[in-house]
Amino acid sequence: MQESILDQITSTALPHGKRPILETRSMSLQFGRQVILKDISVKVNKGETIAIIGESGCGKTMFLKALVGLLSPTSGSVVFDGHDIQKLDDQEMTNLRKRFGFVFQNAALFDSMTISQNIAFPLRQHGVPKGKTAQNLISERLAEVGLPSNVLPKRPSQLSGGMRKRVGLARALILEPDLLLYDEPTTGLDPIMSDVINELMMRTRKRYPVTSIIVTHDMHSARKVADRIIMLYPYTRLEHGESQILFDGPPSALESTKDRRVSQFVKGEAGERLMEMLASRSKGPADTFGRVDPNHDDGMDEE
Amino acid sequence: MATDPFPNMDSPQSRLLSSLHRFASVWGTVVIDGVSTVGDISIFGWQMVLWMFRAKPKRETLMPNFYAVGVLSLPVVALTGTFIGMVLAIQSYHQFKNIGMETFLGAVINMSLVRELGPVLAATMLAGRVGSAMAAVLGTMRVTEQIDALISMGANPIHYLVVPRFLACVLLIPALTIMADFMGIVGGYFYSVIVFGIDHAQYLRNSREFVGSFDLFTGVFKSIFFGATIAVVSCYRGFHCQAGAEGVGRAATAAFVQSFVMILLLDIVLNIFLDAVYFAIWPTGAKLF
Ligand SMILES: Nc1ncnc2c1ncn2[C@@H]1O[C@H](COP(=O)(O)OP(=O)(O)OP(=O)(O)O)[C@@H](O)[C@H]1O
Ligand SMILES: [Mg+2]
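From a predicted model like this one, the values you see are computed outputs, not experimental measurements.

Cut-offs applied
Residues numbered from 1 in each chain as written. Chains lettered and ligands numbered in written order. Predicted model: local features only at pLDDT ≥ 70, side-chain atom pairs only at ≥ 80, totals over all residues. Heavy atoms only, no water. Helix = DSSP H or I, 4+ residues; strand = E, 2+ residues; numbered from the N terminus. Buried < 20%, exposed > 50% of the residue type's maximum accessible area, 1.4 Å probe, protein only. Areas by Shrake-Rupley, 256 points an atom, 1.4 Å probe, with all protein chains shown as cover. Axes fitted to C-alpha atoms, helices over the stretch in contact; angles between N-to-C directions. Left-handed = near helix turned anticlockwise from the far one by under 90°. Nonpolar A, V, L, I, M, F, W, Y, C, P; charged D, E, K, R; others polar. Donors = N, O, S within 2.8 Å, 3.2 Å for Na, K, Ca; no water. Near = heavy atom within 4 Å. Polar contact = N/O pair within 3.5 Å; in protein donor to acceptor, adjacent residues only side chain to side chain. Pairing = 2+ DSSP bridges. Phe/Tyr/Trp six-rings, centres within 6.5 Å; stacked < 30°, edge-to-face > 60°. Lys NZ or Arg CZ within 6 Å of the ring centre and 35° of its normal. Contact = heavy atoms within 4.5 Å. Buried area = accessible area lost by both parts, 1.4 Å probe. Salt bridge = Lys/Arg side-chain N within 4 Å of Asp/Glu carboxyl O. Parallel < 35°, antiparallel > 145°, perpendicular 65-115°, else oblique.

**Student:** What is the right way to look at the overall build of chain A in this model?
**Tutor:** Check the secondary structure of chain A and you find 10 helices and 10 strands. Counting every position in chain A, which comprises 303 residues, the buried fraction comes to 48%. Just so you have it, chain A exposes about 15,200 Å², and 52% of that area is on carbon and sulfur atoms.

Here it is, written out as structure tokens:
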């Protein structure tokens, strides 16, 4: 594509501070024949906090995983701080991973380890930063996520879902990475704890210039924490030729958006989706959403 | 849905053709899947070999696996070994007694145990006890994104998860095999000498004359290949687990079934090979009488 060549020229010409720290260049991702992401081009500047919103199953988790090389894009590329991450060898990639922190949707703690071993895992892989001790770092992070120190010798299976999530957060934060990816950090937490996590994300950002990408369904949290919001839409539901990114801008611009799909998502209104789902249900166990015949109007009042 | 290439014709020929077509497409898929799985497993095994030499395995990953394979599997291997030894004695005693050669029972029992039953039994027990557990554990780690978490923190999952399991299986299955052999010999001796009353000096002498160290070596040598197969197949199944509890269950079952089939296949191949070696060294072979 012409655009990506232009991007490459400008990105090398720009002074270092202005160069996006992370960039996807018309990245696509497929599972077999199923297209999840198509031609996604996003630039993330250093220090930005981005919230990614979008309905369940639209590919947010896949997007995050592709950013740090957990999934390889079917086409296009991901560039982090000037490195095309697919072109790196194992060693270079391992070194780069020191600079990433990933908070998984369901924490993904290692069952075979205690909580303290879990939090210390990145330290064991990459070494303890100078002038600190592992023990100090662990208790510091644990306090940050609001957990008592008596959880340290426990196993992940002995904690509640919300507690596990916070341990996952502590683990991702321990090396103070340059890029933090949060996959639904507040889902499944009580409102108070959600706000603690929001505060934590903002405090981390104040402490050092971290770049964060937060996948969330929590619009309150997205508005509060993010400088920029990106809304993804399921590829299969797009009109022909549309971009999968329906919205990309500051939270304040959400109110003035013309796209009904965005405003409905933000306000949490099902709108015509409800009709579609009812219609597809009355047709029997319908395959997937989005394959609904628009002229199909019988059967709404069955049952 | 399979598309029928001859939808509107129902002459016998076209029906035959269409059923041939279906036959070919079904079996074609099976063959392609099979070949690509074997290829995938080979690549997986090769990556594991590379990682075995690229970096030293971590002690904390080795110990739990060595414990699971070496210590926790020992009782069940010992128990089944004993039973198999006794069963062999019971099965063969009457035939041998009929031709008046019950003192040779030891030779036959111990030979079968050391060459064949000991290693295969130990491997089967390992595949059932450890192999399917490995597939379930790794499968759960895959499904709950723990493998992704490992990668994202700069650990290589093959190095961190597969190499220690492989080493545990390969290094400790000889010990399990010898345990199965030993307990089988004890069980066979117990039944033949204590229960059937065969003369114990003759029983032992015949065994000692007939079963040599090459036979013991054969069994142990084969077992190393069995251990390697179990580890690679089970870890592969775990890594390629489908989502959900059902996926994990299927991975565990597939790990056992596929390693068991592979063990038997390898057993044939290795026996042919070892026989050739044996006759190259001792052209006359061993004689029972
Ligand atoms: N291993 C896989 N094989 C095939 N398809 C997959 C696989 N993993 C995910 N998908 C598909 O990819 C799509 C995107 O999944 P993803 O997990 O990124 O959704 P999400 O936006 O994170 O949803 P949620 O908000 O529910 O977490 C889904 O439609 C899912 O069906
Ligand atoms: Mg998700």
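**Student:** Got a minute to help me understand the packing of helix 6 (residues 157–195) of chain B against helix 8 (residues 213–239) of chain B in this structure?
**Tutor:** Residue and element names in this part refer to chain B. One can describe the packing of helix 6 onto helix 8 by two numbers: an axis separation of 8 Å at closest approach and a directional angle of 150 degrees. Relative to helix 8, the crossing made by helix 6 is right-handed. In the contact of helix 6 with helix 8, the residues fall into 19 nonpolar, 4 polar and 2 charged.

**Student:** Explanation requested: the coordination of the magnesium ion (ligand 2) in the structure shown.
**Tutor:** A metal bound by six donors in octahedral fashion has ideal angles of 90 or 180 degrees, whereas one bound by four tetrahedral donors has an ideal angle of 109.5 degrees. All names here are of chain A. Within the protein, Thr61 (OG1) and Gln105 (OE1) serve as the donor atoms for the magnesium ion (ligand 2), at 1.9 to 2.4 Å. Of this pair, Thr61 sits in helix 2 (residues 60–67) while Gln105 sits in the loop between strand 6 (100–103) and helix 4 (115–126), and the two are 44 residues apart along the sequence. Its relative accessible area of 16% is what places Thr61 among the buried residues. Taking the relative accessible area as the measure of exposure, Gln105 reaches 24% and is therefore partly exposed.

**Student:** Can you help me understand the site of ligand 1 in this one?
**Tutor:** Residue and element names in this part refer to chain A. Among the 13 residues in the neighbourhood of ligand 1, the closest are listed as Ser56, Gly57, Lys60, Thr61 and Gln105. In the environment of ligand 1, an oxygen atom lies 3.0 Å from a nitrogen or oxygen atom belonging to the backbone of Gly59. With respect to ligand 1, the side chain of Gln105 contributes an N or O atom lying 2.9 Å from an oxygen atom. The set of elements that each furnish at least two residues to the shell around ligand 1 consists of strand 2 (34–44) and helix 2. Sort the elements by how many residues they give to the shell around ligand 1 and helix 2 lands first, with 3 residues. Here the residues of the shell around ligand 1 are counted per class, giving 4 nonpolar, 7 polar and 2 charged.

**Student:** Looking at this structure, how should I read the sheet that holds strand 3 (residues 49–53) of chain A?
**Tutor:** By way of backbone hydrogen bonds, the strands of a sheet pair with one another, either parallel or antiparallel. Residues and elements named next belong to chain A. Strands sit in the order 6-7-8-3-9-10 across an open sheet of 6 strands; the sheet is mixed. The sheet is open, and its two borders are formed by strand 6 and strand 10 (245–249), each paired with just one other strand. For this sheet, the mean angle separating the axes of adjacent strands, direction not counted, is 10 degrees. Note that strand 6 and strand 7 (residues 179–183) share 4 bridges and pair parallel. Directly across from Phe102, in strand 7, lies its bridge partner Leu181.

**Student:** Mind showing me how you'd approach the packing of aromatic side chains here?
**Tutor:** Two numbers describe a pair of aromatic rings. These are the distance of the centres and the angle of the planes. According to the stated counting rule, one finds 19 aromatic pairs over all chains in the structure shown. Ring centres 4.8 Å apart and planes at 80 degrees place the aromatic pair Phe80 of chain A and Phe100 of chain A in the edge-to-face group. Highlighted residues: Phe80 of chain A in strand 4 (residues 75–80) and Phe100 of chain A in strand 6, separated in sequence by 20 residues. Judged on exposure class, the residue Phe80 of chain A and its partner Phe100 of chain A are both buried. On the basis of an interplanar angle of 45 degrees and a centroid distance of 6.4 Å, the ring pair of Phe23 of chain B and Trp27 of chain B is categorised as tilted. A residue pair is termed a helical-turn pair when its members lie 3 or 4 positions apart in one helix, as Phe23 of chain B and Trp27 of chain B do in helix 1 (residues 12–54) at 4 residues. Exposure remark for Phe23 of chain B: the relative accessible area of 52% places this residue in the exposed category. Here the aromatic residues Phe214, Phe217, Phe221, Phe225, Tyr278, Phe279 and Trp282 of chain B are joined through ring pairs into a cluster of three or more. Arg171 of chain A extends its terminal NZ or CZ atom over the ring of Phe110 of chain A, reaching a point 4.9 Å from the ring centre.

**Student:** Teacher, can you tell me more about the interface of chain B and chain A here?
**Tutor:** Size of an interface, as often reported, equals the accessible area lost when the parts are brought together. If you look at the interface, chain B gives 17 residues, while chain A gives 21 residues. Regarding the contact of chain B and chain A, the summed buried area is about 1,600 Å², with carbon and sulfur atoms giving 56% of it. Taken together, the connections running from chain B to chain A amount to 4 salt bridges. Notably, a salt bridge pairs Arg54 of chain B with Asp90 of chain A, separated by 3.1 Å at the nearest N-O pair. In this assembly, chain B and chain A are joined by 8 residue pairs in polar contact (both at pLDDT 80 or more). Counting residues per element, the ones that place at least two in the side of chain B that touches chain A are helix 1 and helix 5 (146–152) of chain B. Per element, the largest residue contribution to the side of chain B that touches chain A is 6 residues, and it comes from helix 5 of chain B.

**Student:** Could you clarify how one ought to interpret the packing of helix 6 (residues 161–173) of chain A against helix 7 (residues 191–207) of chain A in this entry?
**Tutor:** Describing two packed helices takes the angle between their axes plus the distance from one axis to the other. Residues and elements named next belong to chain A. As a packed pair, helix 6 and helix 7 sit with axes 12 Å apart at the nearest point and diverge in direction by 5 degrees. When the interaxial angle is binned, helix 6 and helix 7 end up roughly parallel. Side by side, helix 6 and helix 7 meet where Arg166, Leu169 and Leu173 of the first sit next to Met193, Ile197, Leu200 and Thr204 of the second. A per-class count over the contact of helix 6 with helix 7 returns 5 nonpolar, 1 polar and 1 charged.

**Student:** Please explain unusual backbone geometry as it appears in this structure.
**Tutor:** Of all residues except glycine, most have a negative phi; of all peptide bonds, most are trans. Residue and element names in this part refer to chain A. One non-glycine residue, Asp81, lies in positive phi territory at about 50 degrees. As for its placement among the helices and strands, Asp81 is situated in the loop between strand 4 and strand 5 (83–84). Backbone geometry places Ala107, a non-glycine residue, at a positive phi of 70 degrees. Considering the arrangement of structural elements, one finds Ala107 in the loop between strand 6 and helix 4. Exposure remark for Ala107: the relative accessible area of 4% places this residue in the buried category.

**Student:** What exactly am I supposed to notice about the pairing of strand 4 of chain A here?
**Tutor:** Taken residue by residue, a regular strand's side chains alternate between the two faces of the sheet. All names here are of chain A. In this sheet, strand 4 lies alongside strand 1 (residues 22–31) in antiparallel orientation, the contact comprising 5 bridges. Bridge pairing in strand 4 links Ser28 to Ser75. The pairing of strand 4 with strand 5 spans 2 bridges and is antiparallel. If you follow Phe80 over to strand 5, its bridge partner there is His83. With antiparallel pairing between neighbouring strands as the criterion, strand 4 and strand 5 make up a hairpin whose turn holds 2 residues, including Asp81 at a positive phi of roughly 50 degrees.

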